[in-house]
Amino acid sequence: HNPGLTLAGYCLDPADRMASPGIWRASLGPPRAPRVGPRAATSGGYPANRQTGRRMMGLSPNGRSGADAGSGSRGSALIATGTRRPRVCRHRAIRGVTPSSDTTVGEWAREGRGGGCRRSAVWGSTRRRPWSVIAASTAEGDGVLDTMDDDSDQNSGRPKRSAAAFLGAFLLNVLLGTLYCWSCYLVPLEQALGVGRGLLSGVFSLATICFTVAVAKIGPWLYAAAPPAVIGTGAAVCAGAGLLIASRSIAYVSAAPLFLGYGVVFGAASGVGYGLSVQMASRAPFGEGLSTGLITSARAAGAFVFAPVVRFLLDGGGAGRAMSTMGCALLASAPFIYGVLATDGTKHPLASQKRDKDLPMTTEEEERERQLGPAMFALWISLGLGVSAGLMLMAHASALLYSHGASIGVATAGVSIVSVFTTAGRIFGGWACDRSGVGAERVLRWAPFVAVPALAGAAVAANSVAAAQAALAAASIVYGVFASVIPVEVRRRTGSRDFARQFGKVYTAWGFAGLAAPVAAGCLFEARGDYTAALVAATTLCILSAMVVRWMLKPGRSHEEWKEAIAEAKRAKAEEDAANGISQVIAP
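Since the model is a prediction, treat every value here as computed from it, not as a measurement. Each chain has its residues counted from 1, running along the sequence as written. Under the rules for a predicted model, residues below a pLDDT of 70 receive no local features and side-chain atom pairs below 80 are neither given nor counted, while totals for whole chains, interfaces and linings still include all residues. Side-chain measures were taken over the full set of non-hydrogen atoms in the model, leaving aside hydrogen atoms and water.

**Notes on the overall build of the chain**
- Secondary structure elements follow DSSP: runs of H or I no shorter than four residues count as helices, runs of E no shorter than two count as strands, and numbering proceeds from the N terminus. Within the chain, the secondary structure is distributed over 19 helices and 9 strands.
- With a 1.4 Å probe rolled over the protein chains alone, any residue whose accessible area is under 20% of its type maximum counts as buried; one over 50% counts as exposed, and the rest are partly exposed. Evaluated residue by residue, the chain yields a buried proportion of 54% over its 588 residues.
- Contacts are assigned to residue pairs with any non-hydrogen atoms lying within 4.5 Å of each other. Summarising the internal contacts of the chain: among those between residues at least 6 apart in sequence, 81% fall at separations of at least 24.
- Each accessible area value is a Shrake-Rupley result obtained with a 1.4 Å probe; residue values ignore everything except the protein chains displayed when judging cover. Accessible surface computed for the chain: about 24,500 Å², of which carbon and sulfur atoms make up 61%.

**Quick word on the pattern of salt bridges**
- Salt bridges are defined as contacts in which a side-chain nitrogen from Lys or Arg sits within 4 Å of a carboxyl oxygen from Asp or Glu. Scanning the model with the defined rule gives 10 salt bridges in all.
- The salt bridge involving Glu441 is made with Arg493; its shortest N-O contact spans 4.0 Å. Of this pair, Glu441 sits in helix 14 (residues 440–446) while Arg493 sits in helix 16 (residues 465–494), and the two are 52 residues apart along the sequence. The burial state of Glu441 is the same as that of Arg493; both residues are buried.
- The partner of Arg492 in a salt bridge is Glu489, and the shortest N-O contact between them spans 3.2 Å. Taken together, the positions of Arg492 and Glu489, both in helix 16 and 3 residues apart, correspond to about one turn of that helix.

**What about unusual backbone geometry?**
- One non-glycine residue, Val253, lies in positive phi territory at about 50 degrees.
- With respect to the helices and strands, Val253 occurs in the loop between helix 7 (228–252) and helix 8 (256–279).

**Quick notes on helix 7**
- In this model, helix 7 (25 residues) spans 36 Å end to end at C-alpha, consistent with the 36 Å of a helix rising 1.5 Å per residue.
- Val253 sits one or two positions beyond helix 7 and adopts a positive phi of about 50 degrees. Every helix has an expected span of 1.5 Å times one less than the residues it contains.

**A closer look at the packing of helix 9 (residues 288–343) against helix 16**
- One can describe the packing of helix 9 onto helix 16 by two numbers: an axis separation of 9 Å at closest approach and a directional angle of 135 degrees. Judged on the interaxial angle alone, helix 16 and helix 9 are oblique. For helix 9 against helix 16, the interelement crossing comes out right-handed. Between helix 9 and helix 16, the residues in contact are Glu288, Gly289, Thr292, Gly293 and Thr296 and Ala483, Ser484, Pro487, Val488 and Arg491, respectively.
- Here the contact of helix 9 with helix 16 is composed, by residue class, of 3 nonpolar, 5 polar and 2 charged. For every element, the axis is a line fit to its C-alpha atoms; helices are fit only across the contacting stretch, and the angle between N-to-C directions ranges from 0 to 180 degrees. Small angles under 35 degrees read as roughly parallel and large ones over 145 as roughly antiparallel, with 65 to 115 read as roughly perpendicular and the rest as oblique. Left-handed describes a crossing in which the near helix is turned anticlockwise from the far one by less than a right angle; the clockwise case is right-handed. Residue classes follow a fixed rule: Ala, Val, Leu, Ile, Met, Phe, Trp, Tyr, Cys and Pro count as nonpolar, while Asp, Glu, Lys and Arg count as charged, and any other residue, Gly among them, counts as polar.

**Details of the side chain of Arg493**
- Overall, the relative accessible area of 6% leaves Arg493 in the buried class.
- Residues in contact with Arg493, not counting those within four places in the same chain, are Arg368, Leu372, Ala375, Met376, Glu441, Leu553, Lys554, Pro555, Gly556, Arg557 and His559.

**Section: a nonpolar patch on the surface**
- Judged by side-chain polarity, Phe377, Trp380, Phe512, Trp551 and Met552 come together as a nonpolar surface patch covering roughly 570 Å² of accessible area.
- Put simply, the parts of the chain that give the nonpolar patch at least two residues each are helix 10 (363–394) and helix 18 (532–552).
- Position of Phe377 among the secondary structure elements: in helix 10. In this analysis, a patch consists of residues with relative accessible area above 30% that form no salt bridge, clustered at 9 Å for like charges and at 5 Å for the nonpolar side chains Val, Leu, Ile, Met, Phe, Trp and Tyr.

**Observations concerning the packing of helix 4 (residues 163–176) against helix 8**
- Running from N to C, helix 4 and helix 8 cross one another at 155 degrees; their axes reach a closest spacing of 9 Å. Viewed along their axes, helix 4 and helix 8 adopt a mutual orientation that is roughly antiparallel. Seen from above, helix 4 lies across helix 8 with left-handed handedness. Facing Ala169, Leu172, Asn173 and Leu176 of helix 4, the residues of helix 8 in contact are Phe266, Ala269, Ser270, Gly273, Tyr274, Leu276 and Ser277.
- When the residues that make up the contact of helix 4 with helix 8 are grouped by side-chain class, the tally is 7 nonpolar, 4 polar and no charged.

**Considerations on the packing of aromatic side chains**
- Within 6.5 Å between ring centres, the rings of Phe, Tyr and Trp (the latter by its six-membered ring) count as paired, and their orientation is classed by plane angle as stacked under 30 degrees, edge-to-face over 60, tilted in between. Using the criterion set out here, one finds 19 aromatic pairs in the structure.
- Centre to centre, the rings of Tyr185 and Tyr262 are 6.2 Å apart; their planes meet at 75 degrees, and the pair counts as edge-to-face. Taken together, the residues span a long stretch of sequence, with Tyr185 in helix 5 (residues 182–193) and Tyr262 in helix 8 at a distance of 77 residues. In this pair, the class of Tyr185 matches that of Tyr262, namely buried.
- Over the face of the ring belonging to Tyr252 we find Arg248, whose NZ or CZ atom lies 5.6 Å from the ring centre.
- Note on geometry: a ring has a charge over it if NZ (lysine) or CZ (arginine) is within 6 Å of the ring centre and within 35 degrees of the ring normal. Above the ring of Phe499, the side-chain terminus of Arg491 is found at 4.2 Å from the ring centroid.

**A look at the side chain of Ser388**
- With respect to the helices and strands, the residue Ser388 is situated in helix 10.
- The class of Ser388 is buried, set by a relative accessible area of 14%.
- At 2.5 Å, the side chain of Ser388 and the backbone oxygen of Gly384 are in polar contact.
- Not counting chain neighbours up to four residues away, the residues in contact with Ser388 comprise Ala513, Ala517 and Leu541. Nitrogen and oxygen atoms within 3.5 Å of one another constitute a polar contact, given that in protein one can donate a hydrogen and the other can accept it, and given that sequence-neighbouring residues count only through two side-chain atoms.

**Considerations on the environment of Leu206**
- Position of Leu206 relative to the elements: it lies in helix 6 (residues 197–223).
- Separated by 56 residues in the primary sequence, Leu206 and Tyr262 have C-alpha atoms spaced 8.7 Å apart.
- With sequence-adjacent residues up to four places away left out, Leu206 is seen in contact with Phe259, Gly263 and Val264.

**Digging into the environment of Leu544**
- Inspection of the secondary structure puts Leu544 in helix 18.
- When its relative accessible area of 40% is taken as the criterion, Leu544 is described as partly exposed.
- Between the C-alpha atoms of Leu544 and Ile381, which are 163 residues apart in sequence, the distance is 9.5 Å.

**Some words on the environment of Ile231**
- Structurally, Ile231 can be placed in helix 7.
- Each C-alpha atom, one on Ile231 and one on Val272, is 8.0 Å from the other, the two residues being 41 residues apart in sequence.
- Other than its neighbours up to four places away in sequence, Ile231 contacts Leu222, Tyr223, Ala226, Val272 and Leu276.

**Considering helix 8**
- Taking 1.5 Å as the rise per residue, helix 8 with 24 residues should run 34 Å; its terminal C-alpha atoms sit 33 Å apart, in good agreement.
- A bend of about 30 degrees at Phe266 is the largest found in helix 8.
- Within helix 8, 19 of the 24 residues are buried, which leaves the element mostly enclosed by the surrounding structure. The reported bend at a residue is simply the angle between two axes, fitted to the 7 residues ending at it and to the 7 residues beginning with it.

**Section: the confidence of the model for the chain**
- The predicted model of the chain has a mean per-residue pLDDT of 74, with 71% of residues at 70 or higher.
- pLDDT is a per-residue confidence score from the predictor, ranging from 0 to 100. Here residues 1–159 is a poorly scored stretch, pLDDT under 50, and it has 319 contacts once near neighbours within four places are set aside; other chains count.

As structure tokens, this is what we get:
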């Protein structure tokens, strides 16, 4: 209930009580003088509210408002009174009230809470404009109050796809990808602080943990609370502030600022920005899979582009000067990021609040929830196994080539192999998802087998540099494919409004793999003195990942198919209630 905006339903005529139950929708309308029909004015609200300066709107199930609603429509008419700008909203609901009873009928539709109701898909923006309310019949209802709705701007009518949204998400991911320039700082920090490599490696491990937590928990909450331009700008500002905090480690001769600034602040900000970028991938003006592949590639591109810049700054002023300069650069980029993302025109949050468990669900909605849980669990296992196979080799790229007989120069080039082929895997995997005869599920089922021959060959040919290079390239491709295909499949099953929450849960598998897989490969190397056991383990993980998709990931309806089925079930229920003499206002 919003204290600033009240909707009450009254039957104008007892003979009309059972007529035309409707699905009521609200949207912004052009500024106009408030008006009500003569029959609606008999409810007694217009003269009094005219004196108090409140606005009134007449509504009807056939879509008329104002005078038309009062004079020419049958069925229930609603009178809405309210202040110019509602301040606080906790629950958005429409209730139908029969004149002969105080019993309310209908359903509540909760759209979350927050000042100004900025994330309400029903009421839209809170700009100082008059509110107009329109209604659609149950035959035309499309679930506008449902959290399953897509992320289009319902009030402005803007298209879902926007080049500005894609460009902003891509640039944000490139800038925040500088998190992976950490290896450039290691040696200068060791010399300046006099600490070991193990302690400094813990900084990046903490950054990985905070990155994962941000994608899984912090990000989904923010995406449902603020528009993307605000979140992207905040991520850039926090990342810059984190680097400035980390740069003070040289002045204090302590690693504590590194853990706080680089590990916690910069890591979390990078995770929020990455989740936002993947969330906005569906708004690109081309294929959703390809756009997801390009945006996920941007994170790796950030380290590739800025690593020479960081090395130049390190040579000129040391680790402290390099971190502070990069931090200032991120802070300076914040207005530009805001400008690009704001050009998209999206002023409402991209995600929905978590569904209230007290709200009733239809049979179709319950079935969707039952199928969604096992599907997300299967994707979680598949992602963990697939990226673990890649990370076991990618984290030891140079050492793997060197152990197979490569020279120091060739072994150092292993990092370039990883960068090139992970990018290729991301882009190719996303592109394949857009093909009508392929799809994300089929890519996940067959892509891991691409790496199996190369990994097995490198395990057998322990002294072949070419075999090690082929295995490293194949493992990098599989890693890149999973990075782009998993988000596409999650979005296909959940829709854009619920994507961030479900993808955050699945993405935790990457966090566990990022911490465990490199350590496991190192332990296997120490046990045998070579990487044969690690290659065999990576081969096994690839096969298991494909088998999980085949055995556990059941074919399921897409978000759009579920949406249509749920809307059809609600229309049928409304028709049945109308036939049985039950009058109600439906909130999908």
